[in-house]
Amino acid sequence: MIGAGGVATVAAFKIAQNADVFTEFMIASRRKAKCDKIVEDIHKAGYKLDIKTAQVDADDVEQLKALFNDFKPELVINLALPYQDLTIMDACLACGCNYLDTANYEPKDEAHFEYSWQWAYRERFEKAGLTAILGCGFDPGVTSIYTAYAAKHHFKEIQYLDIVDCNAGDHHKAFATNFNPEINIREITQKGLYWEDGKWVETEPLEIHKDLTYPEIGPRDSYLLHHEEIESLVINYPTIKRARFWMTFGQQYLKHLEVIQNIGMSRIDEVEYEAPLADGTGTAKVKIVPLQFLKAVLPNPQDLGENYEGQTSIGCRIRGIGNDGKEHTYYVYNNCSHRAAYEETGMQGVSYTTGVPAMIGAMMFCKGLWNTPGVHNVEEFDPDPFMEQLNKQGLPWHEIHDGDLEL
Ligand code: NDP
């Protein structure tokens, strides 16, 4: 596993809890000390799995190759940042390793994500007899598997898909992001995008919003965003007439976001800054990326867990033609308590809802259930064994048939 952040910590705990499937395990990241800390916490919690750790710069293919040739992993779980997807895929191809991630590639200098860069590896993975599993977190990930499950069991034709993501938690901070702030702010400040009648429709950032009611939570203002799973779902389910993604934000969060943008702190280009030298002997001209600097002063998402109350609620609201030929609606969702996630893994619910599916995807691969050579989005695999594990591994799901979808 590459990365030692919030999501990686949860995935490591869950891997240690499933030591019958995962017999040999290594955590490698930019800073080895963070990997060692995860292992220490896992062992303190009573899990016995022997875990190796290593330092690696995942931007450097040669370093990755040296590591992979040494440890010889069957599967590399990429829980670093989207910037490293391609270098890790290159190293996997060079060393004969299979691959899994939770977020699609983004270039560092452009706030833009799409699957084309990773789909371009299809033939090479196929020829090498290797499997790459893309987008195996919650969204993308579980939401895509929910859609596959609905298509397999409940619908002849899925026509309308709305993915709804609510975080009704309170971390008692004025402003904090729930996962890597740089990636999170880049995602939210982009233009909105949704699929309708065979084409993409663009909106201004956060232009479209409406109140949606979430189970056990109530109504929350939900904003239409561009989200990566829509891109593959409309291809894999061509009967979809409209597909959208909604995420809740509180007014306090949006107020801070607006100020951050207005004062230029969300910029991703370099600005020159006269910085004092660490030894106090003068100053030097340095280049900093404002958004990366902002990350350094914001609360670390990994530290939010302790006082986090409330829950997340993420699901798919689907309308289409059922197996009986009549129109039906279907809502499948999970609610996850931040406190319960923290008590189990030391991390908050957003890391938990991403790290658990990453482990389950790895389990599907290791059990030989999801290992078709090539590059695949998760909805291309059988959803049933994955859905079964969600119930066992801490993310139980619920279904509402023929309810009011509000959409
Ligand atoms: P963090 O920033 O907490 O963790 C990222 C980890 O990767 C850190 O340990 C970091 O090192 C390490 N890292 C960064 N760059 C390198 C590098 N060049 N070489 C080696 N290691 C590196 O992020 P999260 O845990 O919150 O998120 C992890 C991933 O999960 C992201 O890709 C994110 O987009 C994705 N995600 C997916 C979701 C989904 O539902 N699909 C939801 C939430 C997140 P260091 O600790 O030294 O900084």
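Please read these numbers as outputs of a predicted model, since none were measured by experiment. (Residues numbered from 1 in each chain as written. Predicted model: local features only at pLDDT ≥ 70, side-chain atom pairs only at ≥ 80, totals over all residues.)

### Observations regarding the overall build of the chain
Turning to step 1, where the next piece is worked out: Secondary structure assignment for the chain yields 14 helices and 17 strands.
Turning to step 2, where the next piece is worked out: Projecting the C-alpha coordinates of the chain onto the three principal axes gives extents of approximately 75 × 50 × 40 Å.
Turning to step 3, where the next piece is worked out: When each of the 407 residues of the chain is scored for burial, the buried share is 46%.
Turning to step 4, where the next piece is worked out: Within the chain, residue pairs in contact and separated by at least 24 positions form 71% of the contacts whose partners lie at least 6 positions apart. (Helix = DSSP H or I, 4+ residues; strand = E, 2+ residues; numbered from the N terminus. Buried ≥ 20, exposed ≤ 12 C-beta atoms within 10 Å, placed from the backbone. Contact = placed C-beta atoms within 7 Å.)

### Thoughts on helix α9 (residues 229-236)
Turning to step 1, where the next piece is worked out: Most of α9 is tucked away: six of the eight residues are buried.
Turning to step 2, where the next piece is worked out: Looking at the packing, one finds that the buried side of α9 touches α7 (142-153), β6 (155-167), β7 (192-196), β11 (242-248) and β16 (374-377).

### With respect to the nonpolar core
Turning to step 1, where the next piece is worked out: One finds Ala-11, Ala-12, Ile-27 and Ala-150 to be the most contacted residues of the largest nonpolar core, which totals 107 residues.
Turning to step 2, where the next piece is worked out: Per element, the largest residue contribution to this core is ten residues, and it comes from helix α13 (residues 349-366).
Turning to step 3, where the next piece is worked out: With residues near it in sequence (within four places) discarded, Ala-12 still touches Met-1, Ile-27, Ile-38 and Ile-42. (Core = buried A, V, L, I, M, F, W, Y, C linked by C-beta atoms within 7 Å.)

### Regarding the packing of helix α1 (residues 6-17) against α13
Turning to step 1, where the next piece is worked out: At their nearest, the axes of α1 and α13 sit 7 Å apart, and the two run at 50° to each other. Relative to α13, the element α1 lies oblique. Here the hand of the crossing between α1 and α13 comes out right-handed. Here Gly-6, Val-7, Thr-9, Val-10, Ala-11, Lys-14 and Ile-15 of α1 come into contact with α13, specifically with Ser-351, Tyr-352, Thr-354, Gly-355, Val-356, Ala-358 and Met-359.
Turning to step 2, where the next piece is worked out: Here the contact of α1 with α13 is composed, by residue class, of eight nonpolar, five polar and one charged. (Axes fitted to C-alpha atoms, helices over the stretch in contact; angles between N-to-C directions. Parallel < 35°, antiparallel > 145°, perpendicular 65-115°, else oblique. Left-handed = near helix turned anticlockwise from the far one by under 90°. Nonpolar A, V, L, I, M, F, W, Y, C, P; charged D, E, K, R; others polar.)

### Quick look at the site of the ligand
Turning to step 1, where the next piece is worked out: In the vicinity of the ligand lie 34 residues, with Gly-3, Gly-5, Ala-58, Gly-137 and Phe-179 positioned nearest.
Turning to step 2, where the next piece is worked out: Examining the composition of the shell around the ligand, we find that three residues originate from one element, α1, more than from any other.
Turning to step 3, where the next piece is worked out: Here the shell around the ligand is composed, by residue class, of 17 nonpolar, eleven polar and six charged. (Near = placed C-beta within 6 Å.)

### What about the sheet that holds β16?
Strand pairing in a sheet takes place through backbone hydrogen bonds and is either antiparallel or parallel in direction.
Turning to step 1, where the next piece is worked out: Strands sit in the order β3-β4-β5-β16 across an open sheet of four strands; the sheet is parallel. Strands at the two margins of the open sheet, each flanked by one partner only, are β3 (75-78) and β16. Across the sheet, the axes of successive neighbouring strands diverge by a mean angle of 15°, strand direction being ignored.
Turning to step 2, where the next piece is worked out: The pairing of strand β5 (residues 131-134) with β16 spans four bridges and is parallel. In the strand pairing of β16, Thr-131 is matched with Gly-374. (Pairing = 2+ DSSP bridges.)

### Things to note about the environment of Ser-144
Turning to step 1, where the next piece is worked out: By secondary structure assignment, the location of Ser-144 is in helix α7.
Turning to step 2, where the next piece is worked out: Exposure remark for Ser-144: the 30 C-beta atoms within 10 Å place this residue in the buried category.
Turning to step 3, where the next piece is worked out: Along the primary structure Ser-144 and Glu-380 are separated by 236 residues, whereas in three dimensions their C-alpha atoms are 9.1 Å apart.
Turning to step 4, where the next piece is worked out: For Ser-144, the residues in contact, after removing those within four places along its chain, are Gly-135, Glu-229, Leu-233, Asn-377, Val-378 and Glu-379.

### Things to note about the packing of helix α8 (residues 181-188) against helix α11 (residues 290-297)
Turning to step 1, where the next piece is worked out: With their axes 9 Å apart at the nearest point, α8 and α11 run at an angle of 125° to one another. Taken as axis vectors, α8 and α11 run oblique relative to one another. For the pair α8 and α11, the crossing hand works out as right-handed. Facing Pro-181, Glu-182 and Ile-185 of α8, the residues of α11 in contact are Leu-291, Gln-292, Leu-294 and Lys-295.

### A closer look at unusual backbone geometry
Turning to step 1, where the next piece is worked out: Cis peptide bonds are those with omega within 30 degrees of zero, and the linkage from Asp-139 to Pro-140 qualifies with 10°.
Turning to step 2, where the next piece is worked out: The residue Pro-140 is located in the loop between β5 and α7 in this model.
Turning to step 3, where the next piece is worked out: Located in the positive-phi region is His-172, a residue other than glycine, with phi close to 65°.
Turning to step 4, where the next piece is worked out: Along the chain, the position of His-172 falls in the loop between β6 and α8.
Turning to step 5, where the next piece is worked out: Backbone geometry places Leu-206, a non-glycine residue, at a positive phi of 55°.
Turning to step 6, where the next piece is worked out: In this fold, Leu-206 is placed in the loop between β8 (199-203) and β9 (209-214).

### Description of α8
Turning to step 1, where the next piece is worked out: In terms of burial, α8 is a largely internal element, six of the eight residues being buried.
Turning to step 2, where the next piece is worked out: Those residues of α8 that sit buried are Pro-181, Glu-182, Ile-185, Arg-186, Glu-187 and Ile-188.
Turning to step 3, where the next piece is worked out: Where α8 is buried, its residues contact β10 (218-225), α10 (251-262) and α11.

### What about the environment of Thr-281?
Turning to step 1, where the next piece is worked out: Considering the arrangement of structural elements, one finds Thr-281 in the loop between β12 (271-276) and β13 (283-288).
Turning to step 2, where the next piece is worked out: For the pair Thr-281 and Ile-163, spaced 118 residues apart in the sequence, the C-alpha separation amounts to 54 Å.

### Side note on the domain arrangement of the chain
Turning to step 1, where the next piece is worked out: Per the domain assignment, the segments making up the chain are domain 1 (142-256 + 300-345) and domain 2 (258-289).
Turning to step 2, where the next piece is worked out: Computed over C-alpha atoms only, the centres of domain 1 and domain 2 are separated by 34 Å.
Turning to step 3, where the next piece is worked out: Every contact between the two is made by six residues of domain 1 and, on the other side, six residues of domain 2.
Turning to step 4, where the next piece is worked out: Mapped by element, the contributors of at least two residues to the side of domain 1 that touches domain 2 are α8 and α10.
Turning to step 5, where the next piece is worked out: Residues belonging to the side of domain 1 that touches domain 2 are distributed by class as follows: two nonpolar, two polar and two charged. (Domains from an automatic or database assignment.)

### Regarding the pairing of β9
Turning to step 1, where the next piece is worked out: Of the strand pairs in this sheet, β9 and β10 are connected by six bridges, and their pairing is antiparallel. When the sheet's bridge partners are listed, Asp-211 is paired in β10 with Asp-221.
Turning to step 2, where the next piece is worked out: Connecting β9 to the antiparallel partner β10 that follows it, the hairpin turn spans three residues, and Glu-216 within it adopts a positive phi of roughly 65°.

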